[in-house]
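For reference, the chains in residue letters:
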Amino acid sequence: MTEAVLEHPLADASSTTTEQYVYFFGGGKADGNGKMKDVLGGKGAGLAEMTNAGLPVPPGFTIQTEACREYMRGKLSPQIDEQMLAALEKLEKMQGQKLGAGENPLLVSVRSGAKFSMPGMMDTILNLGLNDQAVEALAKRSNNPRFAYDSYRRLIQMFGDVVLDIPKKKFEHIFDGVKAKEKVKFDYQLTPEALRKIIAEYKGLVKKETGKDFPQDPLVQLSAARDAVFRSWENERAKTYRRINHIDDWLGTAVNVQAMVFGNLGENSGTGVGFTRNPATGEHTFFGEYLMNAQGEDVVSGVRTPNPISDLQKAMPKVYDQLKDITRRMEKHYRDMQDFEFTIQDGKLYMLQTRNGKRTGLAAVRVAIDMVREGLITQEEAVYRVEPNQLYDFLVPRLVEKGENVEVLATGLPASPGAAVGQIVFTAEEAVKHHHDGSYKSVILVRGETTPEDIAGMEVADGILTSRGGMTSHAAVVTRGMGKCCVAGAGDCTVDEARKELRVKGKTFKQGDWISLDGTTGRVIAGQLKTLPAQPDDPDLVKFMSWVDPVRRLRVRANADIPRDAKQARLFGAEGIGLCRTEHMFFAEDRIEHMRAMILANNEKDRRAALKKLLPMQRADFVGLFKAMESLPVTIRTLDPPLHEFLPKREDLLVEIQHLEDTKPRSPKLKGLRTLLARVEELHEMNPMLGLRGCRLGITFPEITEMQVRAIIEAAVAVKAKGGDPHPEIMIPLVGSIEEMRNQAAIVRRVADEVFKEKGAKVDYMVGTMIELPRAALTADQIAEEAEFFSFGTNDLTQTTYGISRDDINAFLPAYLKAGIFKQDPFATLDQAGVGQLVKGAVAKGRNTRKNLKVGICGEHGGDPESVKFCHRIDLNYVSCSPFRLLTARLAAAQAALDEKNGTAQSGSK
């Protein structure tokens, strides 16, 4: 705790106002408006807009984002304190109250609010202004001591957690202990006397943890709370959320100070959250949840399971009708689905917030289509309304239940659709650990309820299960944004995080046990079910993509190695194959023997004999690919990995040889195993990824390139003979110089001509290279003399530019992300400032030599939205990615084209 918490921080605030840091709203008029999200943050802009529209919004003021940036730089302008005091005085006059003083004390909430919605990632403090005197005045004024003491204990707990850094669990331990002594189940059953005991123990905890009393000066509370909200912009969960969602670290958060209205005043008061449409499905129905006699944190934290908002129509029909009318007007005004918060105090409705609502991919597409149909937005705007990664929702797996013994353990709320099957963990830390070390194939994070601190574990988990919380709880909102399966509020489940146990239906599941989740129906199922991929033939998706594809210039291909993958890629809209890795074909059981014979051969004759046996197998594979892709281009990479990858591991061979020597010393297998071991040791390299691989193999053993080219060209000729229209593109990997490219290109063209002469037929083909070395990028103008196309292998280009192995980066990636050295994993999102500049420069150099040079990208970056948009900006012809990222790439390419057309950098709902 800093001295500023205990010493009056505003006493010397007396500078001359030259810049507006604080914006007031109230009385039907606001200093700001809804377009000022950069300044006021999303929440502050929404409060200003609702106030200007005459909606029932409690008055207050917003401290703009520049103040947060000043705080991060280490010094706040004294104007901020001066303007905050002036705004507070205006608020006190408007309300006829004084902050934390008098017979009717004013209380305020202090909330964060960044430009982009970051649900639960930053901090909030409610009931600020209460102290030992104000709580008694509030009890007398409200004639409800229980309400007053409950509000005070909430303030001490929030302030202690957020401002004083006292672990929340220590407060919860006290609270649960008193509940147990009082023998009550629900919080609202605690008597005023019991709440006074809790307050006393909370204050004792503050004294013990900080050495100082809980601050009684309301202005000290206000200043400390403001600074704590600024600090929360830099907490780990907020930084992780920004990294996941590509939000600039220097945007900062605004702080919203607003007069409190109380949903916990009695049974005629309540609070809730809602959406103008169903955020899971997009259905045009009024959707939300509420609790009577509660504050907002009770609804979103998952502490109590709320009621559906439809029940409010029966309980308080006038309030329900007013709420529905206001939110309908807000949606029409903002022309987007709204996520809103409200409080009912003594039967009167107050609107606390509105913002564009988070939604699943399924909902995003449906809402976009419906709003076009309703005339609210244009088709072009609809393309922006869906985040590219949200289209994963149409490809989420489904559980295979037919013929299985499905044991449904519990049914919770279908918070986020899809299916997840994995091994149970009970903490975010365990989820991260088992994900990174690979000890669990897939992870299900099981919690009583998730908190924002769980964000790192939620990111790596395949699915999330909570025993408490509703459709608007933290777990539900965050997983929908992430596109992960979630079942929330499974009340029949007891989660014992201390013992690491999940108990349900008399059964106990421990860490590491398997369960299956169905996020579409809310079911929790025992054991490890299989999953089926979704079919991308949803009518809404088909219609939406019919608006997307005509907009984009960038073509989208798939990485596919076998005909089955190629057919799948066509279903997802692939416009060709951008990378066929031929080495994957050699690992098949009927081929590995011949491949090893080729490697073990110690002369060209024996190598050619082994390759001759592989030739018809390769040719058949290529025939299948050409047929599947019809007239679309197919880029085939010649053999790339080091030869040792096709041989057994040295350690395994040593163990097997030793075992046979001990048990069967005369076994005829020993000779072959020793020969194999000798070859493995001969091929051993200190750094195989920079050794004998790629074009170096083809140059050292040209017969390998010859066999592969012959298989490709013969397959193409055969398919054409049967009425097909194949377009092979033969790609030479790991080229670093024009001489290497010239060597391999000559082999390709010579073998192709031989096949054409033998078959009496020709096909169009191209020969190009994979740019994956910095030297290749820097000498691209020379390489383009021989190469008819470039495909950037950005996985290896990132490795060789950074000097980082993608297989070993996890040893330090978490530390780099935490320290802010990396904003993103460079193997997931292209490093535009470094690797990207090599790509950009190589494109320019290559096209300077060969104007019609075809250029694409075939690393995993080809399916990352930010990387795809970069590829559009530097004028690539296509991106290529795994089949399941095709929808994402197609939408990202369309949004990039619209950005260019409109001169903007728009995005969907962050």
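Each remark here, short or long, concerns the structure printed above.
Criteria and cut-off values
- The residue count restarts for each chain, going from 1 along the sequence in the order it is written.
- Selection of residues for local features in this predicted model requires a pLDDT of at least 70, selection of side-chain atom pairs for listing and counting requires 80 or more, and totals for whole chains, interfaces and linings are taken over all residues.
- Excluded from the side-chain calculation are hydrogens and water; included are all heavy atoms of the structure.
- Counting from the N terminus, the helices are the DSSP runs of H or I reaching at least four residues and the strands are the DSSP runs of E reaching at least two.
- Within these notes, the globule rule equals 2.2 Å times the number of residues to the 0.38 power, and the radius of gyration is based on C-alpha atoms.
- Burial classification: accessible surface area is computed with a 1.4 Å probe over protein chains only, and a residue below 20% of its type maximum counts as buried, one above 50% as exposed, and the rest as partly exposed.
- By definition, residues are in contact when any of their heavy atoms lie within 4.5 Å.
- When charges are tallied, Lys and Arg are placed among the positive residues and Asp and Glu among the negative ones, while His and the ends of the chain are skipped.
- A charged residue contributes its charge at one atom only: NZ of Lys, CZ of Arg, CG of Asp or CD of Glu.
- Planes of paired rings set the category: under 30 degrees apart is stacked, over 60 is edge-to-face and the rest tilted, where pairs are Phe, Tyr or Trp rings (Trp by its six-membered ring) whose centres lie within 6.5 Å.
- Working rule: Lys NZ or Arg CZ, within 6 Å of ring centre, within 35 degrees of ring normal, means a charge sits over the ring.
- Only when DSSP finds a minimum of two bridges between them are two strands counted as paired.
- To obtain each axis, a line is fitted to C-alpha atoms, and for helices this fit is confined to the stretch in contact; angles are then taken between N-to-C directions over 0 to 180 degrees.
- Both cavities and pockets are sets of points on a 1 Å grid over the protein atoms alone; in a cavity a 1.4 Å probe fits but cannot get out, in a pocket the set is open with protein on both sides within 12 Å along at least five of seven lines, and lining residues sit with an atom within 4 Å of a point.
- Grid points are joined across faces, edges and corners, and a volume is the space filled by probe spheres set on the points.
- The nonpolar class holds Ala, Val, Leu, Ile, Met, Phe, Trp, Tyr, Cys and Pro. Asp, Glu, Lys and Arg form the charged class, and all remaining residues, Gly among them, are polar.

Student: Account for the overall build of the protein, with residues named and values stated.
Tutor: Helix and strand content of the protein: 33 helices and 32 strands. Relative to the 2.2 N^0.38 estimate, which gives 29 Å for 910 residues, the radius of gyration of the protein is 32 Å and therefore close to what a compact globule would have. Every one of the 910 residues in the protein was classed for burial, and the buried ones make up 58%. In the protein, 70% of the contacts between residues at least 6 apart in sequence involve partners at least 24 apart. Between the averaged position of the 122 positive side-chain charges in the protein and that of its 122 negative side-chain charges there is a distance of 3 Å.

Student: Could you give an account of the packing of aromatic side chains, with specific residues and numbers?
Tutor: Within the structure shown, the criterion is met by 15 aromatic pairs. Their ring planes at 80 degrees and their centres at 5.4 Å tell us that phenylalanine 159 and phenylalanine 214 sit as a pair that is edge-to-face. Placement of the pair is phenylalanine 159 in helix H5 (residues 145–162) and phenylalanine 214 in the loop between helix H7 (192–210) and helix H8 (218–232), with a sequence separation of 55 residues. With a relative accessible area of 0%, phenylalanine 159 lands in the buried category. Judged by centre distance (5.4 Å) and plane angle (0 degrees), the rings of phenylalanine 186 and tyrosine 188 are stacked. An aromatic cluster of at least three residues, connected via ring pairs, comprises Phe286, Tyr320, Phe340 and Phe342. Taking NZ or CZ as reference, arginine 242 lies 4.0 Å from the ring centre of tryptophan 233, over its face. One Lys or Arg, arginine 557, reaches over the ring of tyrosine 878 and ends 3.8 Å from the middle of that ring.

Student: Mind laying out the sheet that holds strand S7 (residues 270–275), listing which residues take part and the relevant values?
Tutor: The antiparallel open sheet is built from 5 strands, whose spatial order is S9-S8-S7-S10-S11. Each edge of the open sheet is held by one strand with a lone partner, namely strand S9 (307–308) and strand S11 (348–356). Where strand S8 (residues 287–292) lies against S9, 2 bridges are found, and the strand directions are antiparallel. Counterpart to tyrosine 290 in the pairing with S9 is asparagine 307. On top of the sheet, helix H12 (residues 317–334) reaches strand S10 (338–345) and S11; it is set at about 25 degrees to S11, its chief contact.

Student: Would you mind going over the sheet that holds strand S32 (residues 878–881) in detail, with residue names and values included?
Tutor: The 8 strands lie next to each other as S25-S26-S27-S28-S29-S30-S31-S32, forming a closed barrel whose pairing is parallel. Each strand axis lies, on average, 25 degrees off the axis of its neighbour in the sheet, ignoring direction. The pairing of strand S30 (residues 789–792) with strand S31 (residues 854–857) spans 4 bridges and is parallel. Bridging from a neighbouring strand, serine 791 pairs with glycine 856 of S31.

Student: Summarise the environment of glycine 418; cite the residues concerned and give the values.
Tutor: Along the polypeptide, glycine 418 turns up in the loop between strand S14 (413–416) and strand S15 (419–425). Judged by its relative accessible area of 5%, glycine 418 is buried. Distance in space between the C-alpha atoms of glycine 418 and glutamine 313 is 31 Å, their sequence separation being 105 residues. Glycine 418 has contacts with Val396, Pro397, Cys485, Leu517, Asp518, Gly519 and Thr520, leaving out every residue within four places of it along the chain.

Student: Which residues make up the environment of proline 306, and what are the values?
Tutor: Note that proline 306 resides in the loop between helix H10 (296–301) and S9. Since its relative accessible area comes to 10%, proline 306 is described here as buried. Through-space distance from the C-alpha of proline 306 to that of methionine 292 is 8.9 Å; in sequence the pair is 14 residues apart.

Student: Report on empty space enclosed by the protein, specifying residues and quantitative values.
Tutor: Applying the stated rule across the entire model yields 2 cavities of 30 Å³ or more. Of the volumes computed, that of the largest cavity is approximately 70 Å³. In terms of lining, the largest cavity is formed by Arg146, Asp150, Arg154, Asp187, Tyr188, Asn264, Asn293, Ala294, Asp298 and Arg304. Here the element with the most residues in the lining of the largest cavity is H5; it accounts for 3 residues. Classifying every residue of the lining of the largest cavity gives 2 nonpolar, 2 polar and 6 charged. Size it by volume and the second largest cavity reaches roughly 50 Å³. Mapped by element, the contributors of at least two residues to the lining of the second largest cavity are helix H24 (695–700) and helix H25 (702–721). When its residues are assigned to classes, the lining of the second largest cavity shows 6 nonpolar, 6 polar and no charged.

Student: Outline unusual backbone geometry, supporting the account with residue identities and numerical values.
Tutor: Phi is positive for histidine 246, which is not a glycine, with a value near 55 degrees. Within the secondary structure, histidine 246 sits in the loop between helix H9 (236–244) and strand S6 (253–259). Residue histidine 246 is classed as partly exposed on the basis of its relative accessible area of 31%. At lysine 505, a position not held by glycine, the phi torsion is positive, near 55 degrees. Inspection of the secondary structure puts lysine 505 in the loop between strand S20 (501–504) and strand S21 (507–510). Here lysine 505 falls in the exposed class, since its relative accessible area comes to 60%.

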